Amino acid sequence: MDTDVIWRVLVAIAMLAMGWDVSHAQTAPQELFQQHCASCHGSQRTGGMGPALLPESLERLKKADALQTITHGRPATQMPAFDGKLSSEDIGQLANWIYSPIVPAPSWSEQDIRTSHTLTDKRPSASDRPLWQADPLNLFVVVEGGDHHVSVVDGDKFEVITRFASRYALHGGPKFSPDGRFVYFGSRDGWITKYDLYTLRVIAEVRAGLNMRNVAVSGDGKWVLAGNYLPGNVVLFDSDLNLVRMYPAQSLDGKATSRVSAVYDAEPRHSFVIALKDLPELWEISYDPKAEPIHDGYVHDFRMGESIAKPGYLGVRRTPLSQALDDFFFDPPYRHVIGSGRAPGSKDAPPVTQVINLDARQQIATLPLPGMPHLGSGIAFNYQGHAVLATPNLQQGVISVIDMKDWTILQQIQTPGPGFFMRSHEQSRYLWTDSMMSPKARNTLTIIDKTSLKPVAEVKVPEGQTLAHIEFTRDGRYALASLWEMNGALIVYDATTFQEVKRLPMSKPVGKYNVFNKITRSEGTSH
């Protein structure tokens, strides 16, 4: 008899002798995964036909929801139900195991990126005309997180033009080409999709990493930049998502590495600006062929190589910070970055909000903002003749209004609870903000008069539901909000009377984005 068989028999006999029920012995979750899940999600859980199942990719999915998905599957997808195929104990093991890290951490190489790239055979043409009748600049792109779809909505008639399946767990902020024809979606598990809003089809796709924060599109439309948590790097593509360059997120000497917090386009500067999660540095990568050379560090000893310039075009220009940034905001001229973040390893420490001058490459001010300001959703508008910044707060029910002339706090506006999003429009007197981080007030939108900096109205949905994320139509006449539920809706409000005008059923519409407001960097729209 085979030695392995003998060993298994002896183990079974021993288990019976100790009173164990062999028929209910659980299979290790690794074996269960390889048998039932690896064909779709990859043997290393890095994704395939199905999404990646890594802790970094699942940070927004509660374990209870993962358990529900494994048990009952996902309707209208290829995710089957395992109820009846696996025991409840095995399903529980799987649900727990996918939240555990893989050691060593999986990698994603330059060759992996190139291999993942696809490009349609039928190339877009300048002579193409939209397949629909609507204002191409007043379209809304709506990301539906409930069943991972995208809807394209006519912003005049408030009707859905098309709805299509997206990659799993899209980041809420798609980016548009400068003319508004193409939109680039980024998924949490690293996929970038280029979609043609005229012909309603996918043009190109590539997987930039295994866990991606967000993407940015250059002001000239030639470049797409992705920032990754895993692996920690920044990846540059051309507009058709062909790989151009990879930038490891590491210190100048290569001794310290980092995840990437955020990447944004600074169009007036012809550059991308990048925040690093674990390194106190702010990066700027210029896509201007005439960019000034880069000198790293202080030039005081030629023997150290410090006086040797590096090319400024597509090079990394580093600004040292007192603390790493989680997210940031630009002032209207794009000369300053206002960012906040906690020091690595100090989860309970209050965040520090820094003002950084991008030209001088140094911090010029610190703002004593309470809680955790969500500067990535901040907005700028004109108040009494000069620009101010307003930011929601993830921990406190307060909107901080900052004078960008002298970096002082003008006002702390109280709201029913902590919020995530804020929007306004240059044609509107009001800014709208949610309280979606509040357990009791997440059903409420607060409307604030920009001339008085005082709340003037609220709109609500039933208690227990979430109302969030405002976006205005191109002309500012209507404000669209998300009923952030699985059986949710896009709710259209009159931006002057605050009365509901129409509802479009949606599956957890996590965000909606107006083409004109985004490509013109409309006042009251975040980057």
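The rules behind these values
Residues numbered from 1 in each chain as written. Predicted model: local features only at pLDDT ≥ 70, side-chain atom pairs only at ≥ 80, totals over all residues. Heavy atoms only, no water. Pairing = 2+ DSSP bridges. Helix = DSSP H or I, 4+ residues; strand = E, 2+ residues; numbered from the N terminus. Buried < 20%, exposed > 50% of the residue type's maximum accessible area, 1.4 Å probe, protein only. Axes fitted to C-alpha atoms, helices over the stretch in contact; angles between N-to-C directions. Salt bridge = Lys/Arg side-chain N within 4 Å of Asp/Glu carboxyl O. Phe/Tyr/Trp six-rings, centres within 6.5 Å; stacked < 30°, edge-to-face > 60°. Lys NZ or Arg CZ within 6 Å of the ring centre and 35° of its normal. Arc of directions from axis to C-beta. Contact = heavy atoms within 4.5 Å. Disulfide = S-S within 2.5 Å.

Undergrad: So what's going on with the sheet that holds strand E26 (residues 430–434)? Residues and values would help.
TA: The strand order across the open sheet formed by four strands is E25-E26-E27-E28, and the pairing between neighbours is antiparallel. At either end of the open sheet lies a strand with only one pairing partner, and these are strand E25 (422–423) and strand E28 (454–460). Where E25 and E26 come together, two bridges link them in antiparallel fashion. The partner of Arg 423 across the bridge, within E26, is Trp 432.

Undergrad: Could you give me a rundown of unusual backbone geometry, with the residues and numbers involved?
TA: In this structure, the amide linkage connecting Leu 230 to the following residue, Pro 231, adopts the cis form with an omega of -10°. Phi at Leu 453 is positive, roughly 60°, even though this residue is not glycine. As for its placement among the helices and strands, Leu 453 is situated in the loop between strand E27 (444–449) and E28. Under the relative-accessibility criterion, Leu 453 is labelled buried at 4%. Located in the positive-phi region is Phe 498, a residue other than glycine, with phi close to 70°. Tracing the backbone through its elements, the reader meets Phe 498 in the loop between strand E31 (488–494) and strand E32 (500–506).

Undergrad: Go over the environment of Lys 440 with me, naming the residues and quoting the values.
TA: By the secondary structure assignment, Lys 440 is in the loop between E26 and E27. When the C-alpha atoms of Lys 440 and Gly 464 are compared, they prove to be 7.4 Å apart, with 24 residues separating the residues in sequence.

Undergrad: Help me get a handle on the sheet that holds strand E11 (residues 233–238), residues and values and all.
TA: In sheet architecture, strand pairing relies on hydrogen bonds along the backbone and comes in two forms, parallel and antiparallel. Sheet architecture is open: four strands sit in the order E9-E10-E11-E12, paired in antiparallel fashion. The open sheet is flanked by strand E9 (211–217) and strand E12 (243–248), the only strands paired with a single partner. Within the sheet, the average angular offset between the axes of one strand and its neighbour, ignoring direction, is 20°. Inspection of the sheet shows E11 paired to E12 by five bridges, in the antiparallel sense. Across the sheet, Val 235 pairs through a bridge with Met 246, a residue of E12.

Undergrad: Tell me about the pattern of salt bridges, and name the residues and values.
TA: The final tally for this structure, using the stated rule, is 20 salt bridges. Of the charged contacts in the structure, one is a salt bridge between Arg 181 and Asp 128, with a shortest N-O distance of 2.7 Å. One end of the pair, Arg 181, is in the loop between strand E5 (175–176) and strand E6 (182–186); the other, Asp 128, is in the loop between strand E1 (118–119) and strand E2 (139–144), and 53 residues separate them in sequence. With its nearest N and O atoms 3.0 Å apart, the salt bridge here joins Glu 205 to Arg 167. Within this pair, whereas Glu 205 is found in strand E8 (residues 201–207), its partner Arg 167 is found in the loop between strand E4 (159–165) and E5, the two being separated by 38 residues in sequence. Classification of Glu 205 as buried rests on a relative accessible area of 15%.

Undergrad: Outline the packing of aromatic side chains, supporting the account with residue identities and numerical values.
TA: Remark: the centre distance and the inter-plane angle together describe each pair of aromatic rings, the angle taken between the planes. The final tally for this structure, using the stated rule, is 14 aromatic pairs. Among the aromatic residues, those joined into a ring-pair cluster are Tyr 264, Phe 328, Phe 330 and Tyr 334. The ring of Phe 82 is capped by Lys 85, whose NZ or CZ atom sits 5.7 Å from the centre of that ring. Over the face of the ring belonging to Trp 108 we find Arg 207, whose NZ or CZ atom lies 5.2 Å from the ring centre.

Undergrad: Can you tell me about helix H2 (residues 29–36), naming the residues and giving the values?
TA: All of the buried residues in H2 are Pro 29, Leu 32 and Phe 33. Along H2, the residues classed as buried sweep out an arc of 100° about the axis, all on the same side. The outward face of H2, more than 90 degrees from its buried face, is lined by the exposed residues Glu 31 and Gln 35. As for H2, its buried residues are in contact with helix H3 (38–41) and helix H5 (88–97).

Undergrad: Before we move on, could you go through the side chain of Thr 319 and cite the residues and values that matter?
TA: Mapped onto the fold, Thr 319 is located in strand E16 (residues 316–320). Excluding anything up to four places from it in sequence, Thr 319 contacts Pro 280, Glu 281, Leu 282, Ile 356, Arg 361 and Gln 362.

Undergrad: Which residues make up the state of the cysteines, and what are the values?
TA: Within this structure, the stated rule accounts for zero disulfides. Residue Cys 37 stays outside any disulfide, its sulfur separated by 8.6 Å from that of Cys 40, the closest cysteine. When its relative accessible area of 23% is taken as the criterion, Cys 40 is described as partly exposed.

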